[in-house]
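Examination of the molecular architecture
Spelled out, the chains give:
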Amino acid sequence: MHITARVDCAVRALTELAASPSGLVKADAVAAAQSIPYKFLESVLADLRRADLVTSRRGPDGGYRLARPAAAITIADVIRVVEGPLASVRGERPEDVSYDGPAESLQRVWIAVRVNLRAVLESVTIADVAAGALPGFVDELNADPEAWHRR
């Protein structure tokens, strides 16, 4: 799976908003706190606003805030807003592809990949990330030394 810069930026921005005591944060403060180029962040925040994950208020007392509780926004929600489906094969959903001959079972592999992505990404919320308290099974996956080895 490829995590794009837009997805990474969106998740980091949402965690900044979730961690804010006032809940209202200016875009330049988010950009500075997360070392994200301001113009890039503005574009990402616009996507998040259109998807009703954040709201904004203009003016000197303005800024961005989460549109719903951080515990109600999963990483999967963010990926779908910013990039589309969690898993696709040549731009199609895995259930819509088919193969012939010896590759016929490959569709089931792509479906299994999507199931495993969902297992993690639909279970981890912005609140979890902001609090640094990930679900136990995520910590268990990270505890496996093989998880940290490149292949």
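Just so we're clear, the structure is a prediction, and the values are computed from it rather than from any experiment.

About the cut-offs
Position numbers for residues count from 1 along each chain, tracking the sequence in the order it is written. The model is predicted, so local features are restricted to residues of pLDDT at least 70 and side-chain atom pairs to those at 80 or more, both for listing and for counting; the totals for chains, interfaces and linings are taken over all residues. Only hydrogens and water are set aside when side-chain values are computed; all heavy atoms of the structure are taken into account. If DSSP finds at least two bridges between two strands, the strands pair. Helical segments are the DSSP runs of H or I of at least four residues, strand segments are the runs of E of at least two, and each set is numbered from the N terminus. A 1.4 Å probe rolled over the protein chains alone gives each residue an accessible area, and that area as a share of the maximum for its type sets the label: buried under 20%, exposed over 50%, partly exposed in between. Note on definitions: a residue-residue contact is assigned when non-hydrogen atoms from the two residues lie within 4.5 Å. Here, a salt bridge means any Lys or Arg side-chain nitrogen found within 4 Å of an Asp or Glu carboxyl oxygen.

Notes on the pairing of strand β2 (residues 63-66)
Across four bridges, the pairing between strand β1 (residues 54-57) and β2 is antiparallel. From the neighbouring strand, Val54 faces β2, where its bridge partner is Leu66. The loop that links β1 with its antiparallel partner β2 comprises five residues; one of these, Gly59, has a positive phi angle of about 100 degrees.

Digging into the environment of Lys26
Mapping Lys26 onto the fold places it in the loop between α1 (5-19) and α2 (27-34). The class of Lys26 is partly exposed, set by a relative accessible area of 35%. Separated by 36 residues in sequence, Lys26 and Gly62 place their C-alpha atoms 6.8 Å apart. Excluding residues within four positions of it along the chain, Lys26 makes contact with Gly59, Pro60, Asp61, Gly62 and Gly63.

Quick look at the pattern of salt bridges
In the structure shown here, the tally under the stated rule is nine salt bridges. Between Arg6 and Asp47 there is a salt bridge; the shortest N-O distance is 2.3 Å. Here Asp47 lies in helix α3 (residues 38-50) and Arg6 lies in helix α1, a separation of 41 residues in the sequence. For Asp47, a relative accessible area of 18% corresponds to the buried category. Between Glu122 and Arg80 there is a salt bridge; the shortest N-O distance is 2.6 Å. Here Glu122 is found in the loop between α5 (106-121) and α6 (126-131), whereas its partner Arg80 is found in helix α4 (residues 75-82), with 42 residues between them in sequence.

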